[in-house]
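# Structural overview for review
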Amino acid sequence: MEHGGEGGRRMLADLLAASHLMPVELLPAKTNACARAASFRRVLIYLADLRRRTLCLLPGDEAAGEGHEKELPVEGTVAGRAFQYGDVLPAAPPGGDVFEWWVPLLDGTERIGLLRVSAERNDAEARYDMESLAGLVALILVSKRGTSDALAKLTRARPMSLAAEMQWNLLPPRTYADGRVTISAALEPAYDISGDVFEYAVDGPVVHLTIFDAMGHDTAAGLSGALALGACRNARRQGAGLLAKAEAVEAALIEQYGLRRYVTGILATLDTRNGMLSWVNRGHHPPIVIRDNRWTTHLKCRPAHPMGTALGLPGTVCREHLQPGDRIVLYTDGITEARRAGGREFGLDRFADFLIRHHADGLPVPETLRRLIQAVLDYHDGELQDDATVLMCEWIGPHLEPARTAAELTGLTSDGPRDEDQAGPACM
């Protein structure tokens, strides 16, 4: 079955051709100009801020944006619901000859914002063209993000510390999925993060999962975390195993700082062919596994010393055979040790219970972690004294296709599994 009309194909082809030599400030106007070929009267581009709390209008086409809010809260708005759940939702009640829609912008499975589209049609072809346009606009935004200060400033609600500036530019996207795994991460305080870093990478059937927590909460902590992440990546890409990666991090820290700085961490691999999780603990909180959305356990493994201390404790590679649907959770102490003044810690039990309850509610994994971070902040009266980072990976199974479960877990589709003839054209 063929999808999209000639106007939709021309819209996409023209915008793609224009994108190669187009600065990001021209994207709103050029998108509107090209979208007219598909009978879209107006397209507005909204991007999520760093904390995923606000949707900010990308300036560049003042005529199209006239009369529309420059900022929209994620909480309590239709636009926010479309962003949270990955839904295409009506942006206004139907009336007259114009239909208004919120359409999610996705970088793979990473939520980056929304389009607001005014269409002259309300049929399957218009829906297909809207989603295709959103996909192309997202790709263009991602391609410009590394060189655009305008995008960086738009998505920041306040100034960022030097350490946070370094960390955010080192980290992978906060969400990834394929047919075998879904991975999502969150970290706070977003504008003052320093010593925490997370990492994941896919190498054929093997998924690498890493979390580091550097000593301190200052620029030096940020430098230590960046050094640890760089040393780990370098060793991994040269074929080093888990123990060797940890030793490479320790060697880099000692070479740079003597014995004055250390980093704790978990270095893990997941073999998606059989669910074998292998990990090394270097002075860090043990991972937890959530099974059947109710059973939680620590993964016990004798820890070696924090990297950078040269205490000589032997490292141990520990292993756990996972079941499909198991979720591995790595975290730093800022998550569980957050507390109100004079109150109890947020705690591991509350942390695990939060993940279980919100998963049972059917929330996409990225939205669950967004709400978790907000809950931790609220518990700490809005200000954390330490970095709080969580990295969660769910093993779905050994097969890349079909990827329907991964799509549902990340909010990529809200309509459930679609028949082959409804899923769009296949690549031949």
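What counts, and at which threshold
- Residues numbered from 1 in each chain as written.
- Predicted model: local features only at pLDDT ≥ 70, side-chain atom pairs only at ≥ 80, totals over all residues.
- Heavy atoms only, no water.
- Salt bridge = Lys/Arg side-chain N within 4 Å of Asp/Glu carboxyl O.
- Buried < 20%, exposed > 50% of the residue type's maximum accessible area, 1.4 Å probe, protein only.
- Pairing = 2+ DSSP bridges.
- Helix = DSSP H or I, 4+ residues; strand = E, 2+ residues; numbered from the N terminus.
- Axes fitted to C-alpha atoms, helices over the stretch in contact; angles between N-to-C directions.
- Disulfide = S-S within 2.5 Å.
- Contact = heavy atoms within 4.5 Å.
- 1 Å grid on protein atoms, 1.4 Å probe; cavity = no way out; pocket = protein on both sides within 12 Å on 5 of 7 lines; lining within 4 Å.
- Points joined across faces, edges and corners; volume = space filled by probe spheres on them.
- Nonpolar A, V, L, I, M, F, W, Y, C, P; charged D, E, K, R; others polar.
- Expected span 1.5 Å × (residues − 1).

## Topic: the pattern of salt bridges
- Tallied over the full model, the rule gives 29 salt bridges.
- In this structure, Arg273 and Asp271 form a salt bridge, with 2.9 Å as the shortest nitrogen-oxygen distance.
- Exposure remark for Arg273: the relative accessible area of 54% places this residue in the exposed category.
- One network of salt bridges, with partners in common, ties together Glu75, Arg111, Glu367, Arg370 and Arg371.

## So, the sheet that holds strand β13 (residues 288-291)
- In space, the 6 strands of this open sheet follow the order β7-β8-β17-β16-β13-β14, with antiparallel pairing throughout. The open sheet has two free edges, formed respectively by β7 (175-177) and β14 (295-298), since each of these has just one partner strand. With direction set aside, neighbouring strand axes in the sheet form an average angle of 15°.
- Judged from the 3 bridges that link them, β13 and strand β16 (residues 327-331) form a sheet pairing that is antiparallel.

## What about the state of the cysteines?
- As enumerated under the stated definition, the model contains 1 disulfide in all.
- No disulfide involves Cys393; its nearest neighbouring cysteine sulfur is the one of Cys232, lying 16 Å away.
- Given the relative accessible area of 1%, Cys393 is considered buried.

## Concerning the environment of Ala92
- By secondary structure assignment, the location of Ala92 is in the loop between β4 (89-90) and β5 (99-107).
- Through-space distance from the C-alpha of Ala92 to that of Cys34 is 23 Å; in sequence the pair is 58 residues apart.
- Those residues in contact with Ala92, other than ones at most four positions away along the chain, are Glu100 and Arg116.

## Describing empty space enclosed by the protein
- Applying the stated rule across the entire model yields 3 cavities of 30 Å³ or more.
- Taken as a whole, the largest cavity holds about 240 Å³ of empty space.
- Listed by contribution, the elements that provide at least two residues to the lining of the largest cavity are β6 (110-119), β8 (181-188) and α12 (365-379).
- Of the residues belonging to the lining of the largest cavity, the class tally is 10 nonpolar, 3 polar and 8 charged.

## Things to note about helix α11 (residues 348-360)
- Between its first and last C-alpha, α11 extends 18 Å over 13 residues, near the 18 Å set by a 1.5 Å rise per residue.
- Along α11, the residues classified as buried are Phe351, Ala352, Phe354, Leu355, Ile356 and His358.
- Of the surrounding elements, those touching the buried residues of α11 are β13, β14, β16, α10 (333-336), α12 and β17 (388-395).
- Gly362 sits one or two residues past α11 and shows a positive phi near 85°.

## Some words on the pairing of strand β12 (residues 276-282)
- In terms of burial, β12 is largely enclosed, as 6 of its 7 residues are buried.
- Relative to β12, strand β11 (residues 263-271) is paired through 7 bridges, and the arrangement is antiparallel. Pairing of Leu267 across the sheet is with Val280, part of β12.
- In the sheet, β12 pairs with strand β15 (residues 318-321) via 4 bridges, with the strands oriented antiparallel. For Trp279, the partnering residue across the bridge sits in β15 and is Cys318.

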